[in-house]
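Below are the chains, spelled out letter by letter.
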Amino acid sequence: MAADKLSTRHLLGIKDINREDIELIFETADNFKDVINRPIKRVPSLRDITIANIFFENSTRTKLSFELAEKRLSADVINFAASSSSVSKGETLIDTVNNILAMKVDMVVMRHPYAGAGQFLSRHIEAQIVNAGDGAHEHPTQALLDAFSIREKLGDVAGKKVVIVGDILHSRVAISNILCLQKLGAEVMVCGPATLIPKHMASLGVRIEHNLIKALNWCDVANMLRIQLERQDIKYFPSLREYAMMYGLDKQLLNSLDKEIVIMHPGPINRGVEITSDVADSNQSIILDQVENGVAVRMAVLYLLASQRD
Ligand code: CP
């Protein structure tokens, strides 16, 4: 059963929240999904709240989705991109954020290339922090919208078999998804070349499979991750072409499976590498549902965190 309030003041990672929190977020997101499908998509819930979206790393989906969620909730919104800021002149994270907070900001949504950046900030400032992705650590709202999308498509997350395929080593999406799906009672497998599956995976209680065909035959849902070329300091596989041959999902492979599995991808997609266009755009893909659900789930997270302020 869902709780009536979150057990946390910030959303730094899925590891800090429990099943009741996740169910409360989902029930609240169900209501907000109704709202954003109405002709008048805005509610006054966060009318007195100012939110800063601080992005030290590139983003399309997460940044736009948070901004839209905030505006749908009637919050005042300011946006900050490190690339066009005084960070390029050497200003520190704390100084940057304290300057933004001096403008009376209540909540900070932050993406940062370093793991633990949100945690660090939460120890130094009063504002509530939402982690929008920190290095290879966590991306909690992505995991929440992914699990919400599975629940919407399959009715429940508990008991479902989900395989996460690809670059697990560099993926904050993988870690947050594993924690979220397990808290909701799903079985989780990771699949990819041994070089892209960190040793600590076994300690998380996930299955490990290096054969994509076996993994796809096992699962109800396949979440196909992007190869994060920008985070790869050494070569983890011979070439993208070889990776695509071993771990890419194409229509022929999808059609060869005994059952109709659900295809997910957090984006951005490398079409023709981890997934072909005919799979990404097929009826089995819920990739754009994930994006749509991201707004409702982020509205729920912001609304519930703001409720903690009273
Ligand atoms: N899924 C995701 O985090 O995408 P962006 O990097 O575009 O925000």
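That block above? That's the structure.
Residues numbered from 1 in each chain as written. Predicted model: local features only at pLDDT ≥ 70, side-chain atom pairs only at ≥ 80, totals over all residues. Heavy atoms only, no water.

Caption draft 1: Broad picture of the packing of helix α1 (residues 19-36) against helix α11 (residues 287-307). Where α1 contacts α11, the two axes come as close as 8 Å, and the packing angle between them is 120°. Of the possible angle classes, the one that applies to α1 and α11 is oblique. As α1 runs across α11, the sense of the crossing is right-handed. For the pair formed by α1 and α11, the contact residues are L24, I25, T28, A29, F32, K33 and I36 on the first element and E292, N293, V295, A296, V297, M299, A300, V301, Y303 and L304 on the second. (Axes fitted to C-alpha atoms, helices over the stretch in contact; angles between N-to-C directions. Helix = DSSP H or I, 4+ residues; strand = E, 2+ residues; numbered from the N terminus. Parallel < 35°, antiparallel > 145°, perpendicular 65-115°, else oblique. Left-handed = near helix turned anticlockwise from the far one by under 90°. Contact = heavy atoms within 4.5 Å.)

Caption draft 2: How the structure looks around the site of the ligand. The full set of residues close to the ligand is S59, T60, R61, T62, R111, H139, Q142, P266 and G267. One of the side-chain nitrogen or oxygen atoms of R61 is found 2.9 Å away from an oxygen atom of the ligand. A distance of 2.6 Å separates an oxygen atom of the ligand from a polar atom in the side chain of T62. Its residues assigned to classes, the shell around the ligand shows one nonpolar, six polar and two charged. (Near = heavy atom within 4 Å. Polar contact = N/O pair within 3.5 Å; in protein donor to acceptor, adjacent residues only side chain to side chain. Nonpolar A, V, L, I, M, F, W, Y, C, P; charged D, E, K, R; others polar.)

Caption draft 3: Just the nonpolar core, in detail. By size, the foremost hydrophobic cluster in this structure holds 64 residues, and its most contacted members are I25, L144 and L302. With 10 residues, α11 is the single largest residue contributor to this core. Per-domain counts for this core show at least three residues from each of domain 1 (14-138 + 291-306) and domain 2 (140-287). Those residues in contact with L144 that sit more than four places away from it in its chain are L11, I14, I17, I22, I25, F26, C180, V297 and V301. In terms of nonpolar packing, the next biggest core, distinct from the first, is built from 28 residues, V165, M224, L253 and A280 among them. (Core = buried A, V, L, I, M, F, W, Y, C linked by side-chain atoms within 4.5 Å. Buried < 20%, exposed > 50% of the residue type's maximum accessible area, 1.4 Å probe, protein only. Domains from an automatic or database assignment.)

Caption draft 4: Highlighting the sheet that holds strand β3 (residues 107-112). As summarised here, the arrangement of the four strands in space is β2-β1-β3-β4, forming an open sheet in which the pairing is parallel. Looking along the sheet, the strands with just one partner apiece sit at the ends: β2 (76-81) and β4 (128-134). If you compare each strand with its neighbour and ignore which way they point, the axes differ by 15° on average. Here five bridges tie β3 to β4, and the two strands are oriented parallel to one another. By the bridge assignment, M110 is partnered in β4 with N131. (Pairing = 2+ DSSP bridges.)

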